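# Examination of the molecular architecture
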2 protein chains.
Amino acid sequence: MTLSPTPRTRLGREKQRAVFDRAELHAVLDAGLVCHLGVIVDGCPMVVPTGYGRVGETLYVHGSTGARSLRAAAGGSVCVTVTHLDGMVLARSVFNHSVNYRSAMVYGTARLVEDPEEKLAGLRALTEQLAPGQWDYARRPNRKELAATALLALPLDEASVKVRQGPPEDEPEDYALPVWSGVLPLVTRWGAPEPDPLLEHAAQVPPHIAGRA
Amino acid sequence: MTLSPTPRTRLGREKQRAVFDRAELHAVLDAGLVCHLGVIVDGCPMVVPTGYGRVGETLYVHGSTGARSLRAAAGGSVCVTVTHLDGMVLARSVFNHSVNYRSAMVYGTARLVEDPEEKLAGLRALTEQLAPGQWDYARRPNRKELAATALLALPLDEASVKVRQGPPEDEPEDYALPVWSGVLPLVTRWGAPEPDPLLEHAAQVPPHIAGRA
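In this text, all values refer to a predicted model and were calculated from it rather than measured experimentally.

This next bit is on the overall build of chain A. Looking only at helices and strands, chain A features six helices and eleven strands. With 213 residues in all, chain A has 54% of them scored as buried. Relative to all contacts within chain A whose residues are 6 or more apart in sequence, the contacts with residues 24 or more apart total 71%. Carbon and sulfur atoms make up 55% of the accessible area of chain A, which amounts to about 9,200 Å² in all.

Put into structure tokens, the structure is as follows:
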């Protein structure tokens, strides 16, 4: 299934890096942990890192009912960007240096989620995105906590995906230079779990957490 | 030296996570690889991942002369956010789940760098931020390449830093729950260098690259 390009998702440059495939969009979103939410506050852009989750073709973005960025986003135009940095592309020339990455940008009007069932489903997706297995393991939100949590919904209608992978692309005349070139991969992994010093019960790290590291 | 709070950098919530220290701002910026640049294009926010570098109290952000985001940013209001994700904070309740992170947000009006000397210094900072040692090792930009590269300057006048570290903070009544809690650290490191398949010369990985992995 393809994503229909709009003027702003039709990439103006580096067209070869554009991906118009819905499965690729889902893959980039599903592999992330936090997004960068862009909103307009008092006429100026504001970019806030925050958690998110996906349910089908809807992206849910986390906020607090008190946050200015969230008040500005609800009902307003937003851009949500998820970026994975996969490595440094070290070319023979400084100009052709690049990064290997996967990124998704989603544009649209954010809707404040008010329906209790949708809110629970969105929060579940968001929790599972950051910490798979925790929704069923930890204590679920009570009514007071749900009221203190704000959730934005954004349809995956208008989005673009950009991917750059592989070795450097140098100018033809630069290949003769005695300069090492290639990719320095960036690897992100989970470290060993660090127990809360106040942990009294459940000293054993459960498999859904231990299995991630 | 402290950062003087303005209405938008004075954090509306989670005040205990605010850091008003210029050294801390520099540390968060200097430890990053890419930023998320927020601009307004046709009245809507747009959030683009891109490279950056710092020279003293000026942040330089990379762009192409052809990119819409850059045309919108030059002379316009921008927000540059750098985020480091350090770990998942797994609490006893879903509500108290969090992430350990360091993030910096810089607000201001971006200036297109036109002075050739400043442009070279900014590009050097940007290159060294992503790939230390490469400015002196790879072929430097020629006149044509410099003309094809756009650079934005943003003063570090209005900025905020947020940091969250340490174990979960649960509700008093939740400490009795039989739920493991703690932090799952996120570790980012460099992998083994992958030589360009077209590499003919300089087969040896130079120390400034090999030493990073």
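Let us now look at the pattern of salt bridges. Taken as a whole and assessed by the stated rule, the structure comprises 20 salt bridges over all chains. A:Arg139 is paired through a salt bridge with A:Glu145; the nearest N and O atoms lie 2.9 Å apart. Using a relative accessible area of 21% as the deciding quantity, one classes A:Arg139 as partly exposed. For A:Glu145, a relative accessible area of 6% puts it in the buried group. With its nearest N and O atoms 3.6 Å apart, the salt bridge here joins B:Asp136 to B:Arg124. Of the two residues, B:Asp136 is situated in helix H4 (residues 134-137) and B:Arg124 in helix H3 (residues 116-130); the sequence distance between them amounts to twelve residues. Note on B:Arg124: relative accessible area 36%, which makes it partly exposed. Shared partners join several salt bridges into a network, and the residues in it are A:Arg92, A:Asp170 and B:Asp196.

With that out of the way, let us pick up the interface of chain A and chain B. Contacts between the two partners involve 92 residues from chain A, matched on the other side by 92 residues from chain B. Summed over both partners, the interface of chain A with chain B comes to about 7,500 Å²; 67% of that surface belongs to carbon and sulfur atoms. Inspection of the region where chain A meets chain B yields four salt bridges. The partner of A:Asp196 in a salt bridge is B:Arg92, with the nearest N and O atoms 2.9 Å apart. Taken together, the connections running from chain A to chain B amount to 25 residue pairs in polar contact (both at pLDDT 80 or more). For the side of chain A that touches chain B, the leading source of residues is strand S10 (residues 182-190) of chain A, giving nine residues.

In this section: the relation of the copies chain A and chain B. You can overlay chain A on chain B at an RMSD of 0.0 Å; the transform is a turn of 180 degrees with a shift of 0.0 Å along its axis. Each copy turns onto its partner about a two-fold axis. Relative to the rotation axis, the C-alpha of A:Thr188 is the closest in chain A, positioned 2.2 Å from it. An overlap of 100% is found between the interface residues of chain A and their copies at the interface of chain B, pointing to a shared contact surface.

Looking along a regular strand, one sees side chains alternate from face to face of the sheet. The buried fraction of strand S9 (residues 158-164) of chain A is high, at seven of seven residues. Side chains of S9(A) alternate between two faces, with A:Glu158, A:Ser160, A:Lys162 and A:Arg164 and A:Ala159, A:Val161 and A:Val163 buried alike.

Next up on the list: helix H1 (residues 22-30) of chain B. Among all positions of H1(B), only B:Arg22, B:Leu25, B:His26, B:Val28 and B:Leu29 are buried. Buried residues of H1(B), seen end-on, are gathered within an arc of 165 degrees and therefore sit on one face of the element.

With that out of the way, let us pick up the side chain of B:His36. As for its placement among the helices and strands, B:His36 is situated in strand S2 (residues 34-41). A distance of 2.8 Å separates polar atoms of two side chains, one belonging to B:His36 and the other to A:Thr83. If we ignore the near neighbours within four places in the chain, the residues touching B:His36 are A:His36, A:Val47, A:Thr81, A:Thr83, B:Val47, B:Val48, B:Pro49, B:Cys79, B:Val80 and B:Thr81.

This part takes up the side chain of A:Arg92. Tracing the backbone through its elements, the reader meets A:Arg92 in the loop between strand S5 (77-90) and strand S6 (98-109). Since its relative accessible area comes to 0%, A:Arg92 is described here as buried. Within the structure, the side chain of A:Arg92 is placed 2.9 Å from the side chain of A:Ser181, a separation counted as a polar contact. Once you skip the residues sitting within four places of it in the chain, A:Arg92 turns out to touch A:Asp170, A:Asp174, A:Tyr175, A:Leu177, A:Val179, A:Ser181, B:Ala138, B:Arg139, B:Asp196, B:Leu198 and B:Leu199.

In the Ramachandran plot, A:Asp42 falls in the positive-phi region, its phi being about 50 degrees despite a non-glycine side chain. One can find A:Asp42 in the loop between strand S2 (34-41) and strand S3 (44-55).

On to the environment of B:Ala153, then. Along the polypeptide, B:Ala153 turns up in strand S8 (residues 149-155). Aside from chain neighbours lying at most four places away, what touches B:Ala153 is B:Thr58, B:Leu59, B:Tyr60, B:Thr109, B:Ala110, B:Arg111, B:Val113 and B:Glu118.

Residues and elements named next belong to chain A. Relative to the helices and strands, leucine 126 resides in helix H3 (residues 116-130). A residue is classified by how much of its surface remains accessible, and leucine 126, at 6% relative accessible area, is buried. A sequence separation of 75 residues divides leucine 126 from glycine 51, and the C-alpha atoms of the two residues are 6.5 Å apart. When residues no more than four places from it in sequence are discounted, the contact partners of leucine 126 are Gly51, Tyr52, Gly53, Tyr60, Val61, His62 and Leu151.

Conventions adopted
- Residues numbered from 1 in each chain as written.
- Chains lettered and ligands numbered in written order.
- Predicted model: local features only at pLDDT ≥ 70, side-chain atom pairs only at ≥ 80, totals over all residues.
- Heavy atoms only, no water.
- Helix = DSSP H or I, 4+ residues; strand = E, 2+ residues; numbered from the N terminus.
- Buried < 20%, exposed > 50% of the residue type's maximum accessible area, 1.4 Å probe, protein only.
- Contact = heavy atoms within 4.5 Å.
- Areas by Shrake-Rupley, 256 points an atom, 1.4 Å probe, with all protein chains shown as cover.
- Salt bridge = Lys/Arg side-chain N within 4 Å of Asp/Glu carboxyl O.
- Buried area = accessible area lost by both parts, 1.4 Å probe.
- Polar contact = N/O pair within 3.5 Å; in protein donor to acceptor, adjacent residues only side chain to side chain.
- Least-squares fit on C-alpha atoms with pLDDT ≥ 70 in both.
- Arc of directions from axis to C-beta.

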